[in-house]
Amino acid sequence: MSADLLAPYVKTEDGTYVDVAPLSARFAGGDSYIVLVWRKFRHSVMGMIGLTLVTLLLLVALFADFFAPSDPREPTLAFAPPDPISFISKNGFSLRPQTYAIVEGDQLDPVTFQPLNGPDYEHPRPIKFLVPGYAYRLLGIIPASLHLFGTDDGKPFHVLGTDKFGRDIFSRGLIGARISLGLALIAVSFITIVGTLVGLSSGYLGGRYDAWVQRVVDIFFALPQLPLYLSLAAVIPVTAPSEVFLAIVVVVIAALNWAQLSREVRGKTLALARIEYVRAAQAVGATDMRIILRHILPNVVSHIIVSITTWIPQIVLIESFLGFLGFAVKPPLISWGMMLQDCGNFSVLGSYPWILSPVGFVLLTVFAFNALGDGLRDAIDPY
Amino acid sequence: MLRYLAYRILAAIPVLFVMTLITFAIIHSTPGDYADYVAQQLRVQGHATNEAALAAAQQFRIDHGLNDPLIIQYFRWMKDVLTGNFGTSYFFNRPISEVLAQRLPPSLGLVITVHVLGTIIGVSLGIIAAARQYSWIDTLISFVGFLGITTPKFLFALVLIYILAFKVGVQELGSFYSSYWSYQPMSFGKLWNLILHVWPIILVGVLNGISYNMRMMRGNLLDTLNAQYVETARAKGLSYGATVLKHAVPNALHPLAAYQSAVMRYMIEGEIETSVIFGIPTIGVAIVLSMGIGDVLVTATLMLILGLVQIVGGIVSDLLLAWLDPRVRLGE
């Protein structure tokens with residue numbers, strides 16, 4: 001009974017919820033805030049599209065090997081175009097799509113004397129779900145060889161063609177999601193932790209501490225970011241193992257981006273520190289730690305969550321640009337930026353346009369997180 | 001006002017000083033220097049023996065003081081900065097001020113063109129969208145704006161280059177002028193040739209600029225349109241169009257001015273990204289090039305200039321805010 005009185009809405013006989021006491025929602029604890037946000041968020045079409053896509057992306061990144069039809073590290077025919085897929089084969093129409101492997105032909109191009117590649121129409125390969133393929137370890141532990149889709153002859157199936165070493169672009173894109181998204185998530189965690197701590201302390205304590213911290217933030221703001229990424233990435237020794245290389249890139253990205261978030265958090269904290277309930281808490285002798293953690297942080301968290309959703313796509317983009325210039329990730333690892341590296345060469349791009357397809361992965365990610373962020377921004381203030 | 005301006009400029013000096021120290025240290029911590037590049041060129045192009053190439057590199061280091069402690073190199077460069085010629089570029093083999101004079105105007109020209117176009121078109125679209133909220137035109141503009149904001153400049157540039165070069169067959173890529181016009185005096189023909197070359201770069205930047213300004217303007221204007229004075233203006237019989245343009249828009253411009261400082265940084269980085277992709281000789285390409293071969297003073301100078309432009313952008317934004325908003329102006 002008492003829980004019902006406290007809740008901001010009650011259920012009526014016909015199953016709808018009626019908002020009986022909007023103000024009480026503020027005092028009803030964290031759970032109902034989330035319910036309120038969700039109720040508002042549910043109605044934003046863009047937000048829901050974003051949420052679905054982000055969930056899918058994270059699932060794909062986690063179980064990339066399961067979704068990948070071919071071994072991302074196995075070299076086959078270089079720069080092969082995507083395998084054609086059709087519903088019509090020699091035997092007439094069938095509902096099961098057939099694909100034809102691209103093979104090196106006997107004929108030579110009369111101008112370049114390169115072997116002419118083309119689809120092998122003699123051997124249609126039916127595309128099936130849940131087929132055995134190359135062996136991998138699910139989540140890095142469970143040995144498995146089952147794949148979501150592919151051809152049942154166990155040979156590679158190139159949905160988006162192959163790159164310059166003949167590796168499957170589609171599978172590489174799926175595996176690359178791990179590094180690209182993982183790098184963004186880790187960097188964003190650093191940014192959030194440092195930005196929030198600095199912003200909260202600077203905004204709450206104020207005075208000389210605040211003045212000094214803000215000068216440091218000013219300097220970080222004046223640093224030209226893009227060129228600094230390049231030079232910092234060049235500082236990393238060429239001989240460093242790829243994991244160390246990646247870790248340094250994460251630290252560099254985090255180091256150059258915390259200032260923005262800290263300034264936003266500081267602005268919010270400055271405003272909150274003057275509000276009556278904070279003053280009241282100070283008056284009854286609550287410690288600074290308690291005021292920051294119990295009274296200020298909960299009010300800033302929603303803002304931080306929204307900025308996280310907008311930071312992730314930005315870091316994915318930074319990674320892809322650095323990768324494009326050859327600075328972000330080293331070969332044994334796969335990332336979207338690294339896959340774009342060959343696109344800088346116009347003649348390669350003109351002859352083999354399918355190497356541009358990692359752009360699609362990046363665009364999808366950026367779109368998904370931005371749509372999610374947009375929906376959340378409208379929903380975080382449901383009162 | 002003047003006191004405030006003077007304060008802002010004075011406060012910028014230590015920030016710039018520390019910034020140059022940091023960037024200088026970072027640039028110099030990269031392995032290898034320009035002497036290594038000299039040695040490599042001698043080996044590859046001059047067919048020098050390894051010993052001769054290394055000896056020449058050593059001589060180059062002594063001649064240009066590359067063996068001196070970092071702090072001495074820094075103050076030597078600082079002295080050059082204060083005298084206004086920023087030192088000598090090893091690669092271009094002339095004062096960096098000349099390199100700047102050649103590269104900075106086109107860069108700034110591009111950035112400013114993109115910024116002005118993006119602001120004017122974006123703000124107008126934002127006003128249209130907000131004034132007709134929930135109509136099909138608002139939905140359309142908002143959707144295009146969302147696409148524009150999510151489309152990364154450098155990927156858009158990459159795809160645009162592919163389409164222009166290989167599908168449409170555009171020849172005017174990778175430079176400012178065709179070779180015929182390069183050494184002609186300025187004329188309408190040359191201007192048209194310039195436009196033919198730079199419109200894809202401007203398009204990439206403007207699409208993003210429009211989207212940012214549009215979304216910001218739409219949001220602000222929707223907030224102001226809910227204010228009571230707007231309702232009062234309507235109640236006393238002012239037409240809807242006049243109410244929006246005379247009462248709501250001036251009040252909605254305020255956050256837009258505050259955001260100009262962020263724009264500057266955003267525009268410059270966008271310019272670097274797009275020029276690198278399009279291969280246009282501007283600041284962006286010069287930074288990437290000089291960094292690759294260890295022409296450190298050029299890199300350091302360009303970073304100093306970019307930092308300076310950002311700080312100036314911040315000050316201009318604050319002045320604009322004061323000019324637009326009497327509350328800020330008189331509150332001081």
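Given the structure is predicted, the values throughout are model-derived calculations rather than measurements.

Would you mind showing me how to read the overall build of chain A here?
What chain A contains, in helices and strands, is 13 helices and eight strands. Per-residue burial over chain A gives 36% buried out of 383 residues. In chain A, once contacts between residues fewer than 6 apart in sequence are set aside, the share between residues at least 24 apart is 66%.

What am I meant to see in the overall build of chain B here?
The helix and strand tally for chain B stands at 14 helices and two strands. For chain B, the spread of C-alpha atoms along the principal axes amounts to about 90 × 55 × 35 Å. The buried share of chain B, reckoned over its 332 residues, is 36%. Excluding contacts between residues fewer than 6 apart, the proportion of contacts in chain B whose partners are at least 24 apart in sequence is 69%.

Teacher, can you tell me more about helix H12 (residues 283–293) of chain B here?
An α-helix turns once per 3.6 residues; consequently, residues spaced three or four apart project the same way. For H12 of chain B, the full list of buried residues reads Ile283, Gly284, Ala286, Ile287, Ser290 and Met291 of chain B. The buried side chains of H12 of chain B occupy one side of the element, clustering within an arc of 165° when seen end-on.

How should the environment of Leu293 of chain A be read in this particular structure?
All names here are of chain A. By the element assignment, Leu293 lies in helix H10 (residues 288–324). Take Leu293: there are 12 C-beta atoms within 10 Å of it, and that puts it in the exposed class. The sequence separation of Leu293 and Arg73 amounts to 220 residues, and the corresponding C-alpha distance is 48 Å.

Sorry if this is basic, but what is going on with helix H4 (residues 70–83) of chain B here?
Between its first and last C-alpha, H4 of chain B extends 20 Å over 14 residues, near the 20 Å set by a 1.5 Å rise per residue. Where H4 of chain B ends, the next residue or the one after it, Gly84 of chain B, has phi of about 95°, a positive value.

Just checking my understanding: could you explain the confidence of the model for chain B for this structure?
For chain B, the average pLDDT comes to 79, and 95% of its residues sit at 70 or higher. Of all the helices and strands in chain B, helix H14 (residues 326–331) of chain B carries the lowest mean pLDDT, 65, while helix H9 (residues 228–235) of chain B carries the highest, 85.

What should I look at first to understand the interface of chain B and chain A in this one?
One frequent convention defines the size of an interface as the accessible area lost when the parts assemble. Counting residues at the interface gives 33 residues for chain B, matched by 30 residues for chain A. Contributing elements (two or more residues each) for the side of chain B that touches chain A: helix H1 (2–28), helix H6 (136–150), helix H7 (153–168), helix H11 (260–278), H12 and helix H13 (296–324) of chain B. The element best represented in the side of chain B that touches chain A is H1 of chain B, accounting for eight residues. Taken together, the residues of the side of chain B that touches chain A sort by class into 24 nonpolar, seven polar and two charged.

Hey, could you run me through the pairing of strand S8 (residues 142–151) of chain A in this one?
Successive side chains on a regular strand alternate, one facing one side of the sheet and the next facing the other. All names here are of chain A. In terms of strand pairing, strand S7 (residues 125–138) meets S8 through eight bridges, oriented antiparallel. Bridging across to S8, Lys128 finds its partner in Gly150. The antiparallel pairing of S7 with S8 creates a hairpin that spans three residues between the two strands, and Leu139 there sits at a positive phi of about 55°.

I would appreciate a short explanation of the pairing of strand S5 (residues 102–108) of chain A in the present structure.
All names here are of chain A. Where S5 lies against strand S6 (residues 115–119), four bridges are found, and the strand directions are antiparallel. Bridging from a neighbouring strand, Val103 pairs with Gly118 of S6. What sits between the antiparallel neighbours S5 and S6 is a turn of six residues, in which Phe113 has the positive phi angle 60°.

Would you explain the confidence of the model for chain A in this entry?
When pLDDT drops low, the exact placement of atoms in the prediction is not to be read closely. Residue and element names in this part refer to chain A. For chain A, the mean per-residue pLDDT works out to 77, and 88% of the residues sit at or above 70. By mean pLDDT, the top-scoring element of chain A is helix H3 (residues 45–62) (88), and the lowest-scoring one is helix H1 (residues 2–6) (43). Contacts of residues 1–8 to residues separated by more than four positions or lying in other chains number 13 contacts, the stretch itself having pLDDT below 50. Taken together, the stretch residues 20–25 has pLDDT below 50 and engages in eleven contacts with residues farther than four places along the chain or on a different chain.

Help me understand the environment of Leu194 of chain B in this model?
All names here are of chain B. Following the sequence through the fold, Leu194 ends up in helix H8 (residues 188–225). Of the residues examined, Leu194 has 18 C-beta atoms within 10 Å and is grouped as partly exposed. Separated by 17 residues in the primary sequence, Leu194 and Tyr177 place their C-alpha atoms 5.6 Å from one another. For Leu194, the residues in contact, after removing those within four places along its chain, are Phe176 and Tyr177.

Would you mind going over the environment of Leu228 of chain A with me for this structure?
Tracing the sequence through the fold places Leu228 of chain A in helix H7 (residues 225–235). Residue Leu228 of chain A is classed as partly exposed on the basis of its C-beta count, with 19 C-beta atoms lying within 10 Å. The spatial distance from the C-alpha of Leu228 of chain A to the C-alpha of Val252 of chain A is 9.1 Å, given a sequence separation of 24 residues. What Leu228 of chain A contacts, discounting residues up to four positions off in sequence, is Leu223 and Leu256 of chain A together with Thr23 and Ile26 of chain B.

How should the packing of helix H13 (residues 358–379) of chain A against H7 of chain B be read in this particular structure?
Packed helices, taken two at a time, are described by the angle between their axes plus the distance between the axes. The geometry of H13 of chain A relative to H7 of chain B is characterised by a closest axis approach of 11 Å and an angle of 145° between their N-to-C directions. You can see that H13 of chain A and H7 of chain B cross each other, and the crossing is left-handed. For the pair formed by H13 of chain A and H7 of chain B, the contact residues are Val359, Val362 and Leu363 of chain A on the first element and Leu155, Leu158 and Val159 of chain B on the second. A per-class count over the contact of H13 of chain A with H7 of chain B returns six nonpolar, no polar and no charged.

Is there a simple way to think about the nonpolar core in this case?
Grouped together as the largest cluster of nonpolar side chains are 136 residues, with contacts concentrated most on Ala187, Ile253 and Ile315 of chain A. The element that contributes the greatest number of residues to this core is helix H5 (residues 169–205) of chain A, accounting for 14 residues. For Ile253 of chain A, the contacting residues outside a window of four places in its chain are Ala187, Ile315 and Ile318 of chain A. Formed by eight residues, the second largest nonpolar core is a distinct cluster that contains Tyr34, Ala39, Leu42 and Ala57 of chain B.

Whenever I open this one, the packing of helix H6 (residues 207–222) of chain A against H1 of chain B confuses me. Can you help?
It is at 9 Å that the axes of H6 of chain A and H1 of chain B come closest, and there the two elements cross at 60°. Here H1 of chain B runs oblique to H6 of chain A, going by the angle between their axes. When the axes of H6 of chain A and H1 of chain B are compared, the crossing they make is right-handed. Each of Asp218, Ile219 and Ala222 of chain A in H6 of chain A lies in contact with H1 of chain B, whose residues at this interface are Val15, Leu16, Val18 and Met19 of chain B. By residue class, the composition of the contact of H6 of chain A with H1 of chain B is six nonpolar, no polar and one charged.

Scoring rules and cut-offs
Residue indices follow the written sequence of each chain, beginning from 1 at its first position. Each chain is given a letter, starting from A, and each ligand a number, starting from 1, according to the order in which they appear as written. Totals for whole chains, interfaces and linings use all residues, but because this is a predicted model, local features are given only for residues with pLDDT of at least 70 and pairs of side-chain atoms are given and counted only at 80 or more. Only DSSP runs of H or I covering at least 4 residues are called helices, and only runs of E covering at least 2 are called strands; the numbering of each starts at the N terminus. Residues with at least 20 neighbouring C-beta atoms inside 10 Å of their own are called buried, those with 12 or fewer are called exposed, and the rest are partly exposed, where every C-beta is derived from the backbone. By definition, residues are in contact whenever their C-beta atoms, placed on the basis of the backbone, come within 7 Å of each other. Throughout, the arc means the angular range of directions from the helix axis out to the C-beta atoms. By definition here, a helix of n residues has an expected span of 1.5 Å times n minus one. Values of pLDDT, the confidence the predictor places in each residue, fall between 0 and 100. Only Asp, Glu, Lys and Arg are considered charged in this grouping, and only Ala, Val, Leu, Ile, Met, Phe, Trp, Tyr, Cys and Pro are considered nonpolar; every other residue, Gly among them, is considered polar. By the convention used here, strands pair only if DSSP detects at least 2 bridges between them. Each axis is a line fitted through C-alpha atoms, and for a helix only the stretch in contact is used; angles between axes span 0 to 180 degrees, taken between their N-to-C directions. Put simply, a crossing is left-handed when the front helix is turned counterclockwise from the back one by less than a right angle, and right-handed when it is turned clockwise. Among buried residues, those of type Ala, Val, Leu, Ile, Met, Phe, Trp, Tyr and Cys that are joined through C-beta atoms within 7 Å form a set called a nonpolar core. Angle categories: roughly parallel below 35 degrees, roughly antiparallel above 145, roughly perpendicular from 65 to 115, and oblique for all the rest.

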